Amino acid sequence: MYRLVGFTGTPALILKLLLVGIVDFVGGFAIVSALDVGSTIIAGVLLVILLFINWVYLFKSPTPFKFLAPGIVFLLVFVLVPIVYTVAMSGFNFRTGNEISKEQAIEQIQIVSLSEDAEGTAFDMAIGKDATGDYALLLKNQINGEVLLATLQGVTVLAEGTYEVDELGIPSSTEGFTRLTNKELNQLGDEIVNLRFPYIDESFVSPLFDGLAILLTQDLIYNPDNDTFVSKSTGAVYADNGNGNYANTQKKKDVLYPGWRNVNFPQNFTGLMFDPELRGPFIRVLIWTVAFAFLSVLTTFSLGLALAIAMDKPIRGRRIYRSILILPYAIPGFLSLLIWRGMFNQDFGIINRILVDIGLIETNIAWFEQAWTARLMIILVNLWLGFPYMYLISSGALQAIPSDLKEAAAIDGASSFQSFRMITLPLLLQILFPLLIASFAFNFNNFNMIYLLTGGGPRDELAGERAGATDILISYAYNTAISNPADQNFGLASAISLFMFIIVGILSLWSLRRTKALEEF
Amino acid sequence: MFNAKGRLVAVATAGALILSGYVAAFAPATAANKKIIVWTDEQRGPVMRTLLVGKTPVKGYTIEIKSYSNLDALNAAWNSATAATGPDLIISNAGLAASGGKSGKLAPLTLPSSVKNQFSKSAWAALSFKGKVYGVPLDVDTTAMFWNTKLFGKKSPKTFGAMVDYYTKNKASKGLTAGFCAQEGTWGSHPVFTALGGGAWAYKKNGEGDPTKTVFNSAAFKANITKYLLGTDGKSNGFFKIGGDCINDWKAGKIPFLNTGGWNVDGINASGVKYKIGSVPGVKKGTFGSPWAGYQGAFVTSYAKNHGVAAAANQFAVNFMANATTQAQLSTFGNRPPANLLAAKKVKNPVLAGIATAGSRGVLQLSALLDANAGGSNWYDLTGDVFNKILVEGAAVGATLDAAAAKLLQNFAAGAANL
């Protein structure tokens, strides 16, 4: 008997078919949409997922799959695919100006090299067909009023009286020309802009849209045999430079845009290692990232543990204190960050006001403008956001330490501090070490904190710094990839992300092994 | 589990549903061919919708306006746009021409002389990348000085020094928090820079910009910053405030002078402050600072071709968006002077006319040069850092401006290749 979420028998079967059908429907829609825009890889992945789901739920697949399938699909889509894509992109010259495919770039360069004549000659236009059934244009030059019949063979000047005009004064018919009907025009769609009618001196008339044509010349001619562009006006030859652009063979810096996404492995990685412009900021950011993650764990753990020890003793109102202590954990992090951002405002922030009022400072501190104050601010704010978590796990761990150990130490004459240092702390660290490593890895990638609080700044623009003083690797990768539309570099950002992945991966692996070792302990 | 018959039914059902998915996917794709999708920001979106009521700019096509909450959101969406998700036309600032032209995301426009002649050459230059036009100019993004007439009086300040004097004398008695608010950040600070003898690039005798030279470290600029903006401690005298929502203090009557654009006029009027509009005066009587004159443009994307609506999108941009009537109507909504010269002549609104007059002293905001960051950072970030160093940290004016000038020249040299 079939069973499904409280249903049995035929209703369960119908419900199952309905659910799988909905998935198939959505999947089919997505596959077709992906194919429609030429994303064959995405369509392929979706098809595999769809077949997998159908196999799992409609055929005799192993029972565990029926429970694991949704998780496997989400893991594939949201974890594995982005990782594979990032790894792949780190080997590409993928930046502003090098984003599309080579075929698209060739097509675009040809379009870009179309030029209007010096006078900007344009024609009022009627589209039709000539006696042979080929497309033809009946044109009226907007500048000199000349009326022309343009066919694929060339243009003919029409004498007055040999053509008729419509109510707008635009020529509409002549002998051997049959104007397209509105329905035919609508069906023509974008084909209209691909029509070219030879004019004089290698120029041609091309419709811009219904009713208007323009005189154009093509400067760059593509030769597919040797994969080069030749400029008719200068004679310059542009060949594939191996880095995603056509470059002038005589003048390497003269490149044509757009370029295309080109494999350039391992340039993004070697750039990070050896290019002084990239290496300097990268190493500086890497050092700060490690320092930030380490200090964040150290400060939050220290405060959390201190509070846990304090709350471990029976005091009046302990429950209320405990509730208050986990409040920062209960408030959405981004909200807290924005509030802290306001509190640290140089002119209006309460932090400066308090510091001035109690006489610690005389003039307001520009927290966001100086590197070390900004870093201090980040550590302080992260302490606020992170200590409740450490307090909670430390409290739990303290409960797990047998009290007889401390009692034995007390009998042996150990002081409270000695008992804490020699017994409580080592045992706590053994229990909490994997969680501290996980916290380190989390802070290593704590994008929200940096982005919402300082945006990675301050940055010494005058020194030409490419990374801010509080940028960590993830925010640096973001700034490299996204923030400046005029100079985005997705390939380099992917390479930086890969470094982060390796570092966090090693830490996680170490943590897992450590956990296993503890289990054996 | 199913028996053989059950499996057959299941497979048939799944197949039918996949097929229906295919049909469902295909049907809207066909319908979309008759739609021109326009992306814009939260200010122009509603304006465009109003403008299109009862109109059919392209026969047989509907215009779908998608507006984003602000320009940053629009740019973010544009950055991640693909052929599947991207628009057919995008309305954004002129800076898009360089990045969009370089990446191939924008389609170049071919234009008849009848359309070209309706705009200034500088408008077309602002929307070009490597000599190709990528957008139709819509309106001029510029700023003007608004002064609180209750504080300073109705007569305009004749010199920059007069504004500083007013601030110094009335700071304590009137509770002024600053003298001059450049609300639009370093972009909106340009009239102050130029009023004091600074600016981005130098100009040739024929009036053409010369990006091989900069006046950002001119002797006059150095001297005037020291004289008008610094106190005896070598740090800011409190007169000049860049950004940070200082407009709120202006609205509260705590700052007498404000430099901003027409987009803030509604908020200014709502504050009840009585004001007049003019240009930022220079250090000598009869001279004035120059705001940036940037352009907003309507850009046809290369995605329009993927969607099969390239011709229609071109027609919409060239025939409708560039049209003088359209632009005259657009300008009344956003208080931005129209780029179309015929439309500009029709402007009657006194606030808009005041902004247009101040803007007429503006200099062309060439994004290709200003956005370039070969020296490490672009014009806007670099000048912000310079003034932070000078006004807040008390850095030496001469050395700081000289270092900045060297960076700017690096940027300009790199950016000039894209003009």
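Residues numbered from 1 in each chain as written. Chains lettered and ligands numbered in written order. Predicted model: local features only at pLDDT ≥ 70, side-chain atom pairs only at ≥ 80, totals over all residues. Heavy atoms only, no water.

## Brief notes about the domain arrangement of chain A
Consideration 1: Split into domains, chain A comes out as domain 1 (3-89), domain 2 (114-218) and domain 3 (273-520).
Consideration 2: Each of domain 1 of chain A and domain 2 of chain A has a C-alpha centre, and these two points are 53 Å apart. (Domains from an automatic or database assignment.)

## Observations regarding helix α3 (residues 71-79) of chain B
Note that an α-helix has 3.6 residues per turn; residues three or four places apart therefore point the same way.
Consideration 1: Among the residues of α3 of chain B, Leu74, Asn75, Ala77, Trp78 and Asn79 of chain B are the ones counted as buried.
Consideration 2: Along its buried surface, α3 of chain B packs onto α16 (473-483) of chain A together with β1 (35-40), β3 (89-93), α4 (96-103) and α14 (303-306) of chain B.
Consideration 3: Measuring from the side-chain oxygen of the N-cap residue of α3 of chain B to the backbone nitrogen of Asp72 of chain B gives 3.0 Å; that N-cap residue is Asn70 of chain B. (Buried < 20%, exposed > 50% of the residue type's maximum accessible area, 1.4 Å probe, protein only. Helix = DSSP H or I, 4+ residues; strand = E, 2+ residues; numbered from the N terminus. Contact = heavy atoms within 4.5 Å. Polar contact = N/O pair within 3.5 Å; in protein donor to acceptor, adjacent residues only side chain to side chain.)

## Focus: the interface of chain A and chain B
Consideration 1: If you look at the interface, chain A gives 69 residues, while chain B gives 70 residues.
Consideration 2: Both sides of the chain A and chain B interface together cover about 5400 Å² of buried area, and 59% of this is carbon and sulfur.
Consideration 3: Of all residues in chain A, Phe209, Glu461 and Leu462 of chain A bury the most surface against chain B, accounting for 13% of the area lost on that side.
Consideration 4: Summed over the shared surface of chain A and chain B, the result is four salt bridges.
Consideration 5: Note that Lys116 of chain B and Glu116 of chain A form a salt bridge whose closest N and O atoms lie 3.9 Å from each other.
Consideration 6: Where chain A packs against chain B, one counts 14 residue pairs in polar contact (both at pLDDT 80 or more).
Consideration 7: Residue assignment for the side of chain A that touches chain B shows that the elements contributing at least two residues are α1 (9-36), α2 (40-58), β4 (98-100), α4 (102-112), β5 (114-116), α5 (182-188), β14 (204-209) and β15 (212-218) of chain A.
Consideration 8: Counting residues per element, the side of chain A that touches chain B draws most heavily on α1 of chain A, at 11 residues. (Buried area = accessible area lost by both parts, 1.4 Å probe. Salt bridge = Lys/Arg side-chain N within 4 Å of Asp/Glu carboxyl O.)

## A closer look at unusual backbone geometry
Consideration 1: The linkage connecting Phe265 of chain A with the following residue, Pro266 of chain A, adopts the cis geometry, with an omega of 5°.
Consideration 2: Structurally, Pro266 of chain A is set in the loop between β21 (262-263) and α6 (267-274).
Consideration 3: Geometrically, the link from Gly457 of chain A to Pro458 of chain A is a cis peptide bond, its omega value of 0° lying close to zero.
Consideration 4: Note on placement: Pro458 of chain A falls in the loop between α15 (447-453) and α16.
Consideration 5: Residue Asp201 of chain A is not a glycine yet carries a positive backbone phi of 50°.
Consideration 6: With a relative accessible area of 72%, Asp201 of chain A lands in the exposed category.
Consideration 7: A positive phi is found at Lys130 of chain B, a non-glycine position, where the angle reads about 50°.
Consideration 8: By secondary structure assignment, the location of Lys130 of chain B is in the loop between β4 (128-129) and β5 (132-133).
Consideration 9: With relative accessibility at 36%, the residue Lys130 of chain B sits in the partly exposed group.

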